[in-house]
Amino acid sequence: MRTTTNGPWGRRAALALAVLAPAARGVTDGAMVEGGAPIAEIRVVDAETGRGVPLVELETVNAVGLVTDSAGRAAFAEPELLGHEVFLHVRGHGYEVPADGFGYRGVRVVPRPGKVATIEVERTCVAERLCRLTGLDRFRDSALLGHDVPPPNDGLVAGQDSVQAAVYRGRVVWLWGDTSRAKYPLGLFRTAGATTPIPGPDDDVERGIRYDVFTGDDGFARAMVPLPERPDGVIWVDGLCSVRDADGEERLVAHYSRRASLEEELEQGVALFDDERAVFEPVLVLPRDETWRRPSTHPVRLEADGKEWLLFGSPSPNVRVEATLEAVLDPARYEAFTCLGTEDGEPRWRWQTELPPLDSATEARLVAKGELAAEDAHFLPVDAASPSTHVVLHSGTVRWNEHRGRWILVAGRVGGETSYLGEVWYSEADAPTGPFVRAVRIAAHDRQSFYNVCHHDFLDRDGGRTIFFEGTYTNTFSGNEHRTPRYDYDQLLYRLDLDADELAPTHLR
């Protein structure tokens, strides 16, 4: 095995340069694409772990673009460049190679059919990117190169937006928003769904999750909230959770929103899952101006005041209702968490039924206007690396974590450094309602969005030390016209080690 260095980079740069190695197991000499053209394997790996890194963009000097698949592989099939030294720009959203003397971040490789050119990248974010969860050809390049790959998911789904997940009757129920299909730009806009077994501690999720998708006669994902009598508008679902009805039976409920556009809502309410038909049916229509007396986002369960509660919020749990079907369907029984509206004007946090809850964006506005002291905020942490900077949180989750012995928050940020909705932050508190004092950035996506983040606690490993979260990766809202092939508008899975140095308690309290 031979490594080379490149000019002024010296020995350190060898970590980032191509390694010409014997063909990897599963790669045949002279691998071919359809039509007989030879292909070479380029593998991008984490320099620390040796694991393949998905979503690393490689670009030649003449703008030929490659993107590594979920195993970190890219199939190189440029006939006139095979066997010649090629420079590849490397862009990795949290992974990078050193810049050379001209500022270029890239490597030189010699792609050869049947050989593997390995590029090692340094991880610059705390969280580790594992794979793409949804969409077509998640392991496309690995398959072209002859490697064994997981089977494709059902449903012929080209892309999916914004996940919801809940454990229900011994399985995980998954729901997604707008779902694209390959045969036409307009896809499914009335919620797609799937189920899976509850992953066990020994189940490998690093290469994805095998979804059993609810499909129609054409094999494509079908509507989970069809509402055929109201055909206009898209339907989005959130607040997915299981509750007990009056007979003690487990039922699956969610909030639904039928919309003409992102700005205009036509109808909203609470829907109940029909187990026989495997669809959600509205059972309560709410006023369109009702903004909080409803299930929402990713709920968390809490035992408090002698009752079991469901806490809802985006991402901070600032609305609660008793965890029964009867209570979820009664708007009068919802309570909001706020520190405003006291008789003496002093900020005192409490649960009450009249005023709306406070969230991160509202707290930021109140602090900016001098109407709330920053130290009285519960959902507006400061950047642990820059304590003068507040982190305005976007959608995410709060979950109890046994390893930390605290409630942990994993959420997006509004207005990040390199993308409006491209960052993911971690914080923790003694209560699910905070205060969340300090936060650490754990992932970032340069000029791309990564929104509606969700930590799935049923995937936790090692007593909660290792957690997994996903989110929607897309150029939407980013201001970037570039759509990443095969990744745009799909779900990415990350892993986070809570014992990472960057997450030491001294940084977060």
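Up top is the structure.
Everything in this summary refers to the structure shown in the same document. None of these values were measured; they are calculated from a predicted model. (Residues numbered from 1 in each chain as written. Predicted model: local features only at pLDDT ≥ 70, side-chain atom pairs only at ≥ 80, totals over all residues. Heavy atoms only, no water.)

## Some thoughts on the overall build of the chain
Then, in step 1: Each helix and strand counted, the chain has four helices and 36 strands in total.
Then, in step 2: Taken along its principal axes, the extent of the C-alpha atoms in the chain is 75 × 55 × 40 Å.
Then, in step 3: Going through the 509 residues of the chain one by one, you find that 54% of them count as buried.
Then, in step 4: Taking all contacts inside the chain whose residues are at least 6 apart in sequence as the whole, residues at least 24 apart take part in 57%.
Then, in step 5: Distance from the positive charge centre (55 side chains) to the negative charge centre (80 side chains) of the chain: 3 Å. (Helix = DSSP H or I, 4+ residues; strand = E, 2+ residues; numbered from the N terminus. Buried < 20%, exposed > 50% of the residue type's maximum accessible area, 1.4 Å probe, protein only. Contact = heavy atoms within 4.5 Å. Lys, Arg positive; Asp, Glu negative; His and termini not counted. Charge placed at Lys NZ, Arg CZ, Asp CG, Glu CD.)

## Considering the sheet that holds strand S4 (residues 57–59)
Then, in step 1: Overall, antiparallel pairing links the four strands, which are arranged S5-S4-S7-S9 in an open sheet. Among the strands making up the open sheet, the edge pair consists of strand S5 (65–67) and strand S9 (106–109). Neighbour-to-neighbour, the strand axes of this sheet turn through a mean angle of 30°, independent of strand direction.
Then, in step 2: Relative to S9, strand S7 (residues 86–91) runs antiparallel, the two sharing four bridges. Across the sheet, Phe87 pairs through a bridge with Arg108, a residue of S9. (Pairing = 2+ DSSP bridges. Axes fitted to C-alpha atoms, helices over the stretch in contact; angles between N-to-C directions.)

## Some remarks on the packing of aromatic side chains
Then, in step 1: Counted under the stated rule, the structure contains 13 aromatic pairs.
Then, in step 2: An angle of 85° between the planes, with centres 5.0 Å apart, marks the rings of Trp176 and Tyr211 as edge-to-face. Of this pair, Trp176 sits in strand S14 (residues 171–176) while Tyr211 sits in the loop between strand S17 (192–197) and strand S18 (212–213); the two residues are 35 residues apart in sequence, bridging distant segments of the chain. Comparing Trp176 with Tyr211 shows no difference in burial state: the two are buried.
Then, in step 3: Centre to centre, the rings of Phe273 and Phe280 are 5.0 Å apart; their planes meet at 50°, and the pair counts as tilted. Accessibility classification places Phe273 together with Phe280 in one group, the buried group.
Then, in step 4: Geometry around Tyr487 places Arg132 over its ring, the cationic atom sitting 5.1 Å from the centre.
Then, in step 5: Taking NZ or CZ as reference, Arg320 lies 3.8 Å from the ring centre of Trp309, over its face. (Phe/Tyr/Trp six-rings, centres within 6.5 Å; stacked < 30°, edge-to-face > 60°. Lys NZ or Arg CZ within 6 Å of the ring centre and 35° of its normal.)

## Observations concerning the pattern of salt bridges
Then, in step 1: Per the counting criterion, the structure on display carries 40 salt bridges.
Then, in step 2: Note that Arg91 is salt-bridged to Glu59, the shortest N-O span being 2.8 Å. Here Arg91, found in strand S7, pairs with Glu59, found in strand S4; they are 32 residues apart in sequence, far enough to count as distant.
Then, in step 3: Between Arg509 and Glu428 there is a salt bridge whose closest N-O contact spans 3.6 Å. Taken together, the positions of Arg509 in the segment after helix H4 (505–508) and Glu428 in strand S32 (residues 423–429) put the pair 81 residues apart, joining distant regions of the chain.
Then, in step 4: Accessibility expressed as a relative area gives 53% for Arg509, which makes it exposed.
Then, in step 5: Looking at Glu428, the relative accessible area reads 1%, which means it is buried. (Salt bridge = Lys/Arg side-chain N within 4 Å of Asp/Glu carboxyl O.)

## What to know about the pairing of strand S34 (residues 449–455)
Then, in step 1: Most of S34 is tucked away, with six of its seven residues classed as buried.
Then, in step 2: Sheet topology places S34 next to strand S35 (residues 466–474); five bridges connect them, and they run antiparallel. For Phe450, the partnering residue across the bridge sits in S35 and is Tyr473.

## Quick word on the state of the cysteines
Then, in step 1: A complete count under the given rule lists zero disulfides for this structure.
Then, in step 2: Here Cys131 stays unpaired: no disulfide links it, and the sulfur of Cys454, its closest cysteine neighbor, is 15 Å away.
Then, in step 3: Considering cysteine sulfurs only, Cys454 is the nearest to Cys241, which forms no disulfide, with 13 Å between them.
Then, in step 4: For Cys241, a relative accessible area of 4% puts it in the buried group. (Disulfide = S-S within 2.5 Å.)

That is the geometry; function is a separate question.
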